[in-house]
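Structural overview for review
The lines below spell out each chain.
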Amino acid sequence: MKRPKDYLIFPLDVATYEEALRYVELLKEHVGLFKVGLELFVSAGPKILRAIRERSEAGTFLDLKFHDIPATVKNAFLAASAHGVTYTTVHCDEGRGLLRSVVENSPSGTKILAVTVLTSLESKDLKELGYKDRYVNNITELVMLKARIAKEAGCSGVVCSGLEVEEVKAELGRDFLVVTPGIRPAWSLVGKDDQKRIITPQQAIKSGADYIVVGRPIRTAEKPIEAAKRVLDEIEMAISE
Ligand code: C5P
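The written sequence of each chain sets the order in which its residues are numbered from 1. Side-chain atom pairs in this predicted model are given and counted only at pLDDT of 80 or more, local residue features only at pLDDT of at least 70, and totals for whole chains, interfaces and linings cover all residues. Only hydrogens and water are set aside when side-chain values are computed; all heavy atoms of the structure are taken into account.

Turning our attention to unusual backbone geometry. For Lys65, which is not glycine, the phi torsion reads 45° and is therefore positive. Here Lys65 shows up in strand S3 (residues 59–66). Residue Lys65 is classed as partly exposed on the basis of its relative accessible area, which comes to 27%. Put simply, DSSP marks the helices as runs of H or I at least four residues long and the strands as runs of E at least two long, and each gets a number from the N terminus on. Accessibility here uses a 1.4 Å probe with only protein chains present; expressed as a share of the type maximum, an area under 20% marks a residue as buried, one over 50% as exposed, and anything in between as partly exposed.

This part takes up the environment of Ser123. Looking at the secondary structure, you find Ser123 in helix H6 (residues 123–128). By relative accessible area, which is 30% here, Ser123 ends up partly exposed. When the C-alpha positions of Ser123 and Ile139 are compared, they lie 5.2 Å apart, and in sequence the two are 16 residues distant. Excluding residues within four positions of it along the chain, Ser123 makes contact with Asn138 and Ile139. Whether two residues touch is decided by their heavy atoms; if any such pair falls within 4.5 Å, the residues are in contact.

Moving on, we come to helix H3 (residues 47–55). For H3, the complete set of buried residues consists of Ile48, Leu49, Ala51 and Ile52. For H3, the buried positions fall inside an angular range of 165° around the axis, keeping them on one side. Its buried side turned inward, H3 meets helix H1 (17–27), strand S2 (33–37), helix H2 (38–44) and S3. Directions drawn from the helix axis to the C-beta atoms are what define this arc.

Take the site of the ligand next. Near the ligand there are 16 residues, and of these Asp13, Lys35, Thr119, Arg184 and Arg216 occur at the shortest range. Polar contact is defined as a pair of N or O atoms within 3.5 Å, subject to the rule that within protein one atom must be able to donate a hydrogen and the other to accept it, and that residues adjacent in sequence are counted only when both atoms are side-chain atoms. In this structure, Arg184 approaches the ligand through a side-chain N or O atom, which is 2.7 Å from an oxygen atom. The separation between an oxygen atom of the ligand and a polar main-chain atom of Gly215 is 2.9 Å. Contact with the protein chains hides 87% of the accessible area of the ligand, taken as 480 Å² for the molecule alone. Elements with a contribution of two residues or more to the shell around the ligand: S3 and helix H10 (216–219). Of the residues that constitute the shell around the ligand, the class distribution is 7 nonpolar, 3 polar and 6 charged. Neighbouring residues are identified by heavy atoms, a residue being near a molecule or strand if any of them is within 4 Å of it. Only the protein chains shown count as cover for residues, with accessible areas throughout obtained via the Shrake-Rupley method and a probe of 1.4 Å. The classification used treats Ala, Val, Leu, Ile, Met, Phe, Trp, Tyr, Cys and Pro as nonpolar, Asp, Glu, Lys and Arg as charged, and all other residues, Gly among them, as polar.

Let us now look at the packing of helix H7 (residues 139–153) against helix H8 (residues 165–172). Helix axes use the C-alpha atoms of the stretch in contact, all axes being lines fitted to C-alpha atoms, and the angles between their N-to-C directions lie in the range 0 to 180 degrees. Contact geometry for H7 and H8: axes closest at 10 Å, N-to-C directions at 40°. Classified by the angle their axes make, H7 and H8 are oblique. In this structure, H7 crosses over H8, and the sense of that crossing is right-handed. Contacts between H7 and H8 involve Thr140, Val143, Met144, Ala147, Arg148 and Lys151 from the first element and Glu167, Val168, Glu171 and Leu172 from the second. A per-class count over the contact of H7 with H8 returns 5 nonpolar, 1 polar and 4 charged. Orientation is classified from the angle alone, with under 35 degrees giving roughly parallel, over 145 giving roughly antiparallel, 65 to 115 giving roughly perpendicular, and any other angle giving oblique. Take the far helix as your reference; a near helix turned counterclockwise from it by less than a right angle gives a left-handed crossing, and one turned clockwise gives a right-handed crossing.

Okay, here's the thing in structure tokens:
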């Protein structure tokens, strides 16, 4: 039975090993997975993954959003996998061939999540990127296109905004994992930032998200532990409805 904290991913979006571990100690009782992204991995290196595991029972999510030629991504994935991480991410943009070559070469253990469309993009950005009026009309269509490719290639799931969760689950099945960033609780003090396709924790879980990524609403709160507990309360409400 999944507990509320098993739904919560906390991104360690900080610059140093020491600061990351401060958050691990602070939040380890309230978080299901700690996410290590580009900034921290580039500055602290793989030892941060081991340090998280030594200090907490939470899983590790190495979110480097790989995007390169298949041979490079495949080898980077194997290296990530050797660190024993629970999840890692690969961009969908190079299509089925790249995803499949990574999936086929994946040793058991680390699961691959495909990044569909970043939650910092909105439909009007598509035109600038050359999409609109060509293949897709809006972000949801683009997310679905990429999610289908990810599923066909054998990925464990996708990362997409809360606004697309229901459609992904309805079409691709309950077992196809959905991780949702861009979470902004109604009480969050985070002002206008780079996240655009946002949704509350409760809405995301009710829509069927398997995990929510909540960073700044917890990290920048006056009392991060209290903020994490409020998120867990919302998750609990959503799963008990
Ligand atoms: O809650 P907050 O906006 O601070 O969360 C930021 C985190 O969400 C970053 O670690 C970023 O990498 C992650 N993210 C993601 N996929 C997106 C958007 C953000 O994994 N589409």
